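If you want the building blocks of each chain, they are given just below.
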Amino acid sequence: MIRTTSLATGQRSLGDRDTVHPLFPPLTRGCPATSTGELAYPLEVVYDYDRVDRRLFDQEPGPDLARWAPLLPPLAAPTLGEGGTPLVELEGVFVKDESRNPTWSHKDRLTRVAVSAAVAAGAPGVVVASSGNHGASAAAYAARAGLPAIVLASAASPPAVQAFVRAYGARVLSVPVERRWPLLREIVDRLGYHPVSNQTVTHTGHPFGPEGYKTIAYELFLQLGAVPAAVFAPTGYAELLFGIWKGFTELRLLGLSEATPRMYACESAAGGPHAHALDTGAPAAIVETGPSAAYSILSGVGGHRGVLAVRESGGEAVRVSDDDLRAAQCDLARHGLWQELSGAAGLAAYRRLGRAFDGPVVCVATSSGFKDLGVGARTFPVTENPTLDDLR
């Protein structure tokens, strides 16, 4: 029998991997031993890899992250069928379509794990500061687990997305961006709600969250029958990028592969904190942001996770413009894949880089086009008494 319970043993600082803490409670404000007032170091979950049964990777990829339970923190929250998303070949690259998850984005993988931590900790509810995808996912998984949820949404987030979040019964507050994180910390401190998003000066997020994203690497390994040469991931706070990278490093650690892919952080040219950190040699960076319609990846606050994944993999950070994103979004749609503008960043960055690779290339597409700004606001003319000439 393959062991079906978690083999997680603790939390380790990414600022100093010799600094280890117990698995619980999740340290949602970064590593207390290695962080400073100006730089917060994230944590990752460590496992007893010697006890992992390699037959775990003989199974077919499919929905429900519990199939990977030994290599995840304890999954105390029920599933909504996350994971097992398709890999679509498109003109020389493969597109991993994460819009097929329960709330139509990659965030469902992170949220299943983070809400499980809230359930295991006995929290009275969960709270998240989110412009869209994360809020919808947290609201859905909290509802599935029977927990109340508070979502602090950006006042500029699409009304359709806010309606989507409210449909799950979450308490949604639209607040100015600068008030989201102070209010989130107050909710955590005074109400005891479990935070499933960032609270720190540079990004750390939930220490368990990126573990859910590792499962993308496991699925790609099984779907391709090999490790890809490169992975291009839309990057806001880089939890997705780091999680995929960690999954591939675990496959190598377990002796299932000899290589790991180069990881490419695909950031909005209007922000790009990870690109800035990599350019300057910093462990993390905060930058000013400009205007962009790609609100899901427009971030001025970076973290150490993305910097670590790019550096250790030999990859790069690639800045993409809104024009690059629109061209990639249109191309994906022509092939039957409707992605949010931010979700097309992987393909946009691959094309902007214009580099050949010795092996398969995967572009992660993160979210449904339903989540874009302005969706549903446009009206279309009605053709009265239509004829074939109208179609011509």
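Up top you'll find the structure we're talking about.
What counts as what
- All chains use their own residue numbering, which begins from 1 and follows the written sequence.
- The predicted origin of the model limits local features to residues at a pLDDT of at least 70 and limits the giving and counting of side-chain atom pairs to 80 or more, whereas totals for whole chains, interfaces and linings rest on all residues.
- The basis for every side-chain value is the complete set of heavy atoms in the structure, and neither hydrogens nor water enter the calculation.
- Here a helix means four or more residues in a row that DSSP labels H or I, a strand means two or more in a row labelled E, and each is numbered from the N terminus.
- Radius of gyration means the value over C-alpha atoms here, while the globule rule gives 2.2 Å times the residue count to the 0.38 power.
- Each residue gets one of three labels from its accessible area relative to the maximum for its type: buried under 20%, exposed over 50%, partly exposed in between, using a 1.4 Å probe on protein chains only.
- We call two residues contacting when some pair of their heavy atoms lies within 4.5 Å.
- Charge convention: Lys and Arg are scored as positive, Asp and Glu as negative, and His as well as the terminal groups of each chain are ignored.
- To locate a charge, take atom NZ for lysine, CZ for arginine, CG for aspartate or CD for glutamate.
- Pairing between two strands requires that DSSP report at least two bridges joining them.
- Only C-alpha atoms enter the line fits that serve as axes; for helices the fit covers just the stretch in contact. Angles between N-to-C directions range over 0 to 180 degrees.
- Put simply, the grid is 1 Å and covers the protein atoms alone, a cavity is a trapped set of points that fit a 1.4 Å probe, a pocket is an open set with protein on both sides within 12 Å along at least five of seven lines, and lining residues have an atom within 4 Å of a point.
- Grid points are joined across faces, edges and corners, and a volume is the space filled by probe spheres set on the points.
- Each residue gets one label: Ala, Val, Leu, Ile, Met, Phe, Trp, Tyr, Cys and Pro are nonpolar, Asp, Glu, Lys and Arg are charged, and the others, such as Gly, are polar.
- For salt bridges, the criterion is a side-chain nitrogen of Lys or Arg within 4 Å of an Asp or Glu carboxyl oxygen.

**Q** I tried to follow the overall build of the chain on my own but got confused; where do I start?
**A** The number of helices and strands found in the chain is 11 helices and 13 strands. Whereas a compact globule of 392 residues would reach a radius of gyration of roughly 21 Å, the chain reaches 20 Å, a difference of no more than 12%. C-alpha extents for the chain along the principal axes are approximately 70 × 50 × 45 Å. Evaluated residue by residue, the chain yields a buried proportion of 57% over its 392 residues. Considering only contacts in the chain between residues 6 or more positions apart, those separated by 24 or more positions represent 72%. Computing the positive centroid from 35 side-chain charges and the negative centroid from 39, the chain places the two 4 Å apart.

**Q** Any chance you could explain the sheet that holds strand β6 (residues 126-130) here in plain terms?
**A** Note: strands within a sheet are paired through backbone hydrogen bonds, in either parallel or antiparallel orientation. Taken in spatial order, the 4 strands make up an open sheet running β8-β7-β6-β9, and their pairing is parallel. Here the strands that pair on one side only, and so sit at the sheet edges, are β8 (171-175) and β9 (194-195). As paired strands, strand β7 (residues 149-154) and β8 are joined by 5 bridges and run parallel to one another. By the bridge assignment, Val-151 is partnered in β8 with Val-172. Packing against the sheet, helix α2 (residues 133-145) makes contact with β6 and β7, and its axis sits at approximately 165° to β6. Sheet contacts for helix α3 (residues 159-166): β7 and β8; angle to β8, the most-contacted strand, approximately 150°.

**Q** For this particular structure, what's the right way to read empty space enclosed by the protein?
**A** Taken as a whole and assessed by the stated rule, the structure comprises 1 cavity of 30 Å³ or more. Volume-wise, the largest cavity comes out at about 40 Å³. Lining the largest cavity are Ser-130, Ser-131, Gly-132, Gly-135, Val-151, Ala-153, Ser-157, Val-161, Gln-162 and Val-165. Those elements that place two or more of their residues in the lining of the largest cavity are β7 and α3.

**Q** Is there a simple way to explain the environment of Ala-138 in this structure?
**A** Looking at where Ala-138 falls in the secondary structure, it is placed in helix α2. A sequence separation of 32 residues divides Ala-138 from Ala-170, and the C-alpha atoms of the two residues are 8.9 Å apart. The residues touching Ala-138, leaving out its near neighbours within four places in the chain, are Thr-111, Val-126, Val-128 and Val-196.

**Q** What is the right way to look at the layout of surface pockets in this model?
**A** Empty space among the atoms becomes apparent when a probe as large as a water molecule is rolled across them. Put simply, the largest pocket is a space of about 930 Å³. Surrounding the largest pocket, 45 residues form its lining, Ser-131, Tyr-237, Tyr-295, Ser-296 and Leu-298 being those nearest its centre. Secondary structure elements with two or more residues in the lining of the largest pocket: β6, α2, α4 (177-191) and α6 (239-253). When residues in the lining of the largest pocket are grouped by element, the largest group, 5 residues, is from α4. Here the lining of the largest pocket is composed, by residue class, of 17 nonpolar, 22 polar and 6 charged. Empty space within the second largest pocket amounts to approximately 290 Å³. The set of elements that each furnish at least two residues to the lining of the second largest pocket consists of β3 (43-47) and α6.

**Q** I keep staring at the pattern of salt bridges and nothing clicks. Help me out?
**A** It is possible for side chains bearing opposite charge to pair when their charged atoms get close. For the coordinates displayed, the defined rule picks out 26 salt bridges. Two residues, Arg-326 and Asp-323, come together in a salt bridge whose shortest N-O distance is 3.5 Å. Of this pair, Arg-326 and Asp-323 are both found in helix α9 (residues 322-334), 3 residues apart, which corresponds to roughly one turn of the helix. One salt bridge in this structure joins Arg-334 and Asp-331, with 3.5 Å as the shortest N-O distance. With Arg-334 and Asp-331 both in helix α9, this residue pair falls 3 residues apart, about one helical turn. Beyond isolated ion pairs, a larger network of salt bridges with shared partners links Arg-12, Arg-17, Glu-44, Glu-211, Lys-214, Lys-246, Glu-250 and Glu-312.

**Q** Can you help me understand the pairing of strand β10 (residues 230-234) in this one?
**A** Consecutive side chains of a regular strand alternate in pointing toward one face of the sheet and then the other. When you tally the buried positions in β10, you get 5 out of 5 residues, the bulk of the element. What you see with β10 is no split at all: Ala-230, Phe-232 and Pro-234 on one side and Val-231 and Ala-233 on the other are buried throughout. Across 5 bridges, the pairing between β10 and strand β11 (residues 262-268) is parallel. What sits directly across from Pro-234, in β11, is Cys-266. Strand direction decides the pairing type here: β10 and strand β13 (residues 361-365), joined by 3 bridges, are parallel. Bridge pairing links Ala-230 to Val-361 in β13.

**Q** Quick question: what am I supposed to make of the sheet that holds strand β1 (residues 8-13) here?
**A** Strand order across the open sheet formed by 3 strands is β2-β1-β3, with antiparallel pairing between neighbours. Where the open sheet ends on each side, the last strands, each with one partner, are β2 (20-22) and β3. Going across the sheet, the axis of each strand differs from the next one's by a mean of 40°, ignoring polarity. The pairing of β1 with β3 spans 5 bridges and is antiparallel. Each bridged residue has a counterpart across the sheet, and for Gly-10 the counterpart in β3 is Val-46.

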